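Spelled out, the chains give:
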There are 2 protein chains.
Amino acid sequence: MTLRKRRVKLEDIARKLNISIATVSRALDKNPRVKLSTRDKVFKMAKAMGYMPNQIAKSLSSGKTNIIGVIIPRYDEPFFIEVCRGIDHYAREYDYKILISSSRNSFEFERENLISFEKGLVDGIILSPTHETETFVHIKNIINKGIPVVLFDNIREEVQGADHVSIEDDKASFSAVEFLIKKGKKRIAFIGGIKEKKVFQDRYKGYLKAMQEYNITIYEELILHCDSLDRECEDAEIQKFFNGLSIKPDAVFTCTDNYGLLTMKTLLKLGYKIPEEVSVIGFGDLGLGEVFVPSMTCVAQPSFEMGQKVAELLIDQFNEATDVNHRKKVIKLDTKLVLRDST
Amino acid sequence: MTLRKRRVKLEDIARKLNISIATVSRALDKNPRVKLSTRDKVFKMAKAMGYMPNQIAKSLSSGKTNIIGVIIPRYDEPFFIEVCRGIDHYAREYDYKILISSSRNSFEFERENLISFEKGLVDGIILSPTHETETFVHIKNIINKGIPVVLFDNIREEVQGADHVSIEDDKASFSAVEFLIKKGKKRIAFIGGIKEKKVFQDRYKGYLKAMQEYNITIYEELILHCDSLDRECEDAEIQKFFNGLSIKPDAVFTCTDNYGLLTMKTLLKLGYKIPEEVSVIGFGDLGLGEVFVPSMTCVAQPSFEMGQKVAELLIDQFNEATDVNHRKKVIKLDTKLVLRDST
DNA sequence: CTGTTAGCGCATTCAA
DNA sequence: TTGAATGCGCTAACAG
């Protein structure tokens, strides 16, 4: 009751029963090569003694930990959490657990996390690169050691030997902006994120493409690339942006749900009527757009499904014959525009 | 490049250098008992060969994994994620990683997760019990095995040998309701969560206490205990509630941020003016209340800090002499009412 | 059907 | 200052 108890191990059961450790091990494994009566005895004794197998010893011996390492840029972004939920959902079916760590939007942290995973704690790695991640040697190193890797979301460069899952950001934003244009909008503002991040670059490209294709004037003044890495700063940045405009936008396409909500809030405060005077579109559709008044039209990104897919690919890699030249898979998931009251 | 590579191990380095494994091990440990020149040789060779220690082997040998197991009822609740972020933040300082798993609001899953952690994968466990959790024998079992445990948030019963961290839910809601009363509100509605959950029971108690203490009439019709376990259902449930009222509330105290937001949305749609005709208060304050228009007054719960505290207590337990009768600590964190436009 | 033995990779005690 | 040997708890190949 007071001192840390010594765990019951196979040996203890074996000794009590006067049989060998191997037999106990096999019995608990339900190996058919052990007599049923013996198996029963072993199970009863194990239960009586409160036996619990030692996962670490198992892992050392088997070379498998049944843990998937997940590295996301940040916790406080519902998208990543939703992906994790998808991963967890799929992984659990196959008896894998997930070890989540945040790179805190820092390349250095990402590298450290990766190295820590390289120490054999995980069977494979799922990673969403930060905006700072320009070189991919740290990832290639991991792959070269034979550790399965799947990348998702912000993929600047395809890495040989890893699978990739993302959406077609350019197309998704193109469609959304096209929708606004077809509604007759002329002064369409763009609120993007950190310029270094591939997903934001692509969403910007889609915006530009739609504007150009339909010959809509692009006003530099109506374009903002948010630099902020946390919510409060985003809020301030967006407020400042709209306060200083000389041109009144009649629509705003934004690159995250949060930007969309902050935009709506700011516009409402400035007296704009949504959607009568200005339309707003968000990106992600992680639940909040539905609650806001007016509810927000969003590009819906299949986050949970992305998590499931990513986990599926990783577990497929585990089961591949013997890593013989893993052919990388590049999966693009579909997005759709969910229409609500803000447009 | 094609086959899974065999990892470099101590033995490989030792052989190359014609020294013993023990010396290599000590050298890499920077053990002063090994000659500096040897240490240098070893480090160089280790680097050249791309040596990476095997964490599993280390753990088996040392009996420590440096992993903290975290069990939360669900992922899609910002409160829990924020707590995890706090845990991660603190734990990382002490070189611990966190293994998060969700009990999906199910006692059975909670038990399973706990058992899976009992297999020696984690050094200690942080747990937030589900609403279904009535018996605590599964937790006591873990504690009896000498595994450190810290509980947080929804603690129905104090468990001997575990630390506890929570807020004073009754006092927090009392203050919030008192604030509404002092504003002159007479028909104060209450939106709570699952009745089985201790935190909601306590928040309800605080509401009742304030109402009684100030002699305010309590209308049964204005009280709702949400049963839903996911967002869409909550939405429907709350809409239905407000649609059916014969008494018009002049204030609504809600037990989560989400209830608060859904309430505001529903009331706005029904044509209520906030805060002129009706005030709304949320509980949690996890960022969304600030964005909504009008912004929402909230009971602010220190989620990140709760995570840090919980991690601190667990790591303290790790370092305690030798589990000699761990005296459980019960910590109550402070809440405060953050005033915004909805009141 | 069961037992013996040899690892898994590292830390550590005991000798030298 | 270094090496040899043992153990952490379990699996699996090989015998019997």
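Residues numbered from 1 in each chain as written. Chains lettered and ligands numbered in written order. Predicted model: local features only at pLDDT ≥ 70, side-chain atom pairs only at ≥ 80, totals over all residues. Heavy atoms only, no water.

As annotated in an unreviewed UniProt entry, chain A is LacI family DNA-binding transcriptional regulator from Aquimarina celericrescens.

1. Re the overall build of chain A
In terms of helices and strands, chain A carries 12 helices and 12 strands. Computed over C-alpha atoms, the radius of gyration of chain A comes to 26 Å, more than 25% over the 20 Å expected from 2.2 N^0.38 for 343 residues, which places it beyond the range of a compact globule. In terms of overall dimensions, chain A has a C-alpha envelope of 90 × 45 × 35 Å along the principal axes. Buried residues in chain A amount to 55% of all 343 residues. Element-wise, carbon and sulfur atoms account for 49% of the exposed surface of chain A, whose accessible area totals about 15,100 Å². Averaging the coordinates of the 52 positive side-chain charges in chain A and doing the same for the 49 negative ones gives two points 9 Å apart. (Helix = DSSP H or I, 4+ residues; strand = E, 2+ residues; numbered from the N terminus. Rg over C-alpha atoms; globule rule 2.2 N^0.38 Å. Buried < 20%, exposed > 50% of the residue type's maximum accessible area, 1.4 Å probe, protein only. Areas by Shrake-Rupley, 256 points an atom, 1.4 Å probe, with all protein chains shown as cover. Lys, Arg positive; Asp, Glu negative; His and termini not counted. Charge placed at Lys NZ, Arg CZ, Asp CG, Glu CD.)

2. Structural notes on the sheet that holds strand 8 (residues 251–254) of chain B
Residues and elements named next belong to chain B. Pairing is mixed in the open sheet, where six strands are placed in the order 7-6-8-9-10-12. Two strands bound the open sheet, and with one partner strand each, they are strand 7 (223–225) and strand 12 (336–338). The sheet shows a mean angle of 15 degrees between the axes of neighbouring strands, taken without regard to direction. The pairing of strand 6 (residues 188–192) with strand 7 spans three bridges and is classified as parallel. Across the sheet, I191 pairs through a bridge with L224, a residue of strand 7. (Pairing = 2+ DSSP bridges. Axes fitted to C-alpha atoms, helices over the stretch in contact; angles between N-to-C directions.)

3. With respect to the sheet that holds strand 9 (residues 279–284) of chain A
All names here are of chain A. Spatial strand order, 7-6-8-9-10-12: six strands in an open sheet with mixed pairing. Bordering the open sheet on either side are strand 7 (223–225) and strand 12 (336–338), each of which pairs with just one other strand. Pairwise comparison of adjacent strand axes, ignoring direction, gives a mean angle of 15 degrees for this sheet. As paired elements, strand 9 and strand 10 (residues 297–300) share four bridges and run parallel to each other. Counted as the bridge partner of I281 is T297 from strand 10.

4. A word on the UniProt feature "domain: HTH lacI-type" (unreviewed entry) in chain A
Following the UniProt record, the feature "domain: HTH lacI-type" (unreviewed entry) maps to residues 8–62 of chain A here. End C-alpha to end C-alpha, residues 8–62 of chain A measures 20 Å, and it is 69% helix and 0% strand. (UniProt positions renumbered as here; feature names shortened; annotations may be inferred.)

5. Considering the relation of the copies chain A and chain B
Each of the two chain copies goes to the other by way of a rotation about an axis and a shift along it. The two copies are related by a screw operation: chain A maps onto chain B through 180 degrees of rotation and 0.1 Å of translation along the axis, at an RMSD of 0.1 Å. What the rotation and shift describe, once combined, is the action of a two-fold rotation axis. Rotation axis and chain A: the residue whose C-alpha lies nearest the axis is L99 of chain A, separated from it by 2.3 Å. Mapped onto chain B, 100% of the interface residues of chain A again fall at the interface, so both copies present the same surface. (Least-squares fit on C-alpha atoms with pLDDT ≥ 70 in both. Contact = heavy atoms within 4.5 Å.)

6. Quick look at the environment of E178 of chain A
All names here are of chain A. Tracing the backbone shows E178 in helix 8 (residues 169–182). Residue classification places E178 among the buried positions, given a relative accessible area of 18%. Sequence-wise, E178 and E213 are 35 residues apart; in three dimensions their C-alpha atoms are separated by 9.2 Å. Discounting chain neighbours no more than four positions away, the residues touching E178 are A210 and Y214.

7. Observations concerning the packing of helix 2 (residues 21–28) of chain B against helix 3 (residues 36–49) of chain B
In helix packing, the relevant descriptors are the interaxial angle and the interaxial distance, both defined with respect to the helix axes. Residues and elements named next belong to chain B. Where helix 2 meets helix 3, the axes come as close as 9 Å, and the angle between the chain directions of the two elements is 90 degrees. With respect to helix 3, the element helix 2 is oriented roughly perpendicular. Contacts from T23, V24, A27 and L28 in helix 2 reach T38, R39, V42, F43 and A46 in helix 3. (Parallel < 35°, antiparallel > 145°, perpendicular 65-115°, else oblique.)

8. Brief notes about the interface of chain A and chain B
Taken together, the contact between chain A and chain B spans 60 residues of the former and 60 residues of the latter. Contact between chain A and chain B buries roughly 5,600 Å² in total, counting both sides, with carbon and sulfur atoms accounting for 61%. When the buried area of chain A at its contact with chain B is split by residue, I56, Y75 and K119 of chain A rank highest and sum to 12% of it. Counting across the interface, chain A meets chain B through two salt bridges. Our count for the contact surface shared by chain A and chain B stands at 14 residue pairs in polar contact (both at pLDDT 80 or more). A total of six residues in the side of chain A that touches chain B trace back to one element, the largest contributor, which is strand 2 (residues 97–102) of chain A. By residue class, the composition of the side of chain A that touches chain B is 27 nonpolar, 17 polar and 16 charged. (Buried area = accessible area lost by both parts, 1.4 Å probe. Salt bridge = Lys/Arg side-chain N within 4 Å of Asp/Glu carboxyl O. Polar contact = N/O pair within 3.5 Å; in protein donor to acceptor, adjacent residues only side chain to side chain. Nonpolar A, V, L, I, M, F, W, Y, C, P; charged D, E, K, R; others polar.)

9. Things to note about the pairing of strand 9 (residues 279–284) of chain B
Residue and element names in this part refer to chain B. Burial analysis of strand 9 places six of its six residues in the buried class, which makes it a mostly covered element. Pairing between strand 8 and strand 9: three bridges, direction parallel. Bridging across to strand 9, A251 finds its partner in S279.

10. Details of the protein's contact with DNA strand C
Taken together, the neighbourhood of DNA strand C is formed by 24 residues, with T23, R26, R33 and T38 of chain A together with Y51 of chain B sitting nearest. In the interface set of DNA strand C, defined as its atoms within 4 Å of the protein, sugar plus phosphate atoms amount to 62%. A distance of 2.8 Å separates a phosphate oxygen of DNA strand C from a polar atom in the side chain of T38 of chain A. In this structure, a phosphate oxygen belonging to DNA strand C sits 2.9 Å away from a main-chain N or O atom of L10 of chain B. Of all the elements in the fold, those that place two or more residues in the surface near DNA strand C are helix 2 (21–28) and helix 4 (55–62) of chain A together with helix 2 and helix 4 (55–62) of chain B. Of the residues belonging to the surface near DNA strand C, the class tally is 10 nonpolar, seven polar and seven charged. (Near = heavy atom within 4 Å.)

11. Comments concerning the packing of aromatic side chains
Any two aromatic rings considered together are summarised by their centre-to-centre distance and by the angle between their planes. All names here are of chain A. Per the stated rule, a full pass over the model turns up 25 aromatic pairs over all chains. Residues F253 and F283 carry aromatic rings whose centres are separated by 6.4 Å and whose planes lie at 70 degrees to one another, so their mutual orientation is edge-to-face. A residue pair is termed long-range when its members are at least 10 positions apart, and F253 in strand 8 (residues 251–254) and F283 in strand 9 qualify at 30 residues. The exposure class of F253 is buried, given its relative accessible area of 0%. When its relative accessible area of 3% is taken as the criterion, F283 is described as buried. (Phe/Tyr/Trp six-rings, centres within 6.5 Å; stacked < 30°, edge-to-face > 60°.)

12. A closer look at the domain arrangement of chain A
We note that the domain assignment places domain 1 (10–53), domain 2 (63–166 + 303–333) and domain 3 (169–300) within chain A. Measuring from the centre of the C-alpha atoms in domain 1 of chain A to the corresponding centre in domain 3 of chain A gives 64 Å. (Domains from an automatic or database assignment.)

13. Quick notes on the pattern of salt bridges
Residues and elements named next belong to chain A. Counted according to the given criterion, the structure contains 40 salt bridges over all chains. For E168, the salt bridge is made with K171, and the minimal N-O distance between the two is 3.6 Å. Residue E168 is classed as partly exposed on the basis of its relative accessible area of 31%. Where R340 meets D285, a salt bridge forms, and the shortest distance between an N and an O atom there is 3.1 Å. Taken together, the positions of R340 in the segment after strand 12 and D285 in the loop between strand 9 and strand 10 put the pair 55 residues apart, joining distant regions of the chain. A residue is classified by how much of its surface remains accessible, and R340, at 16% relative accessible area, is buried. On the basis of relative accessible area, D285 is assigned to the partly exposed category, the value being 21%. Shared partners join several salt bridges into a network, and the residues in it are K9, E11, D12 and R15.

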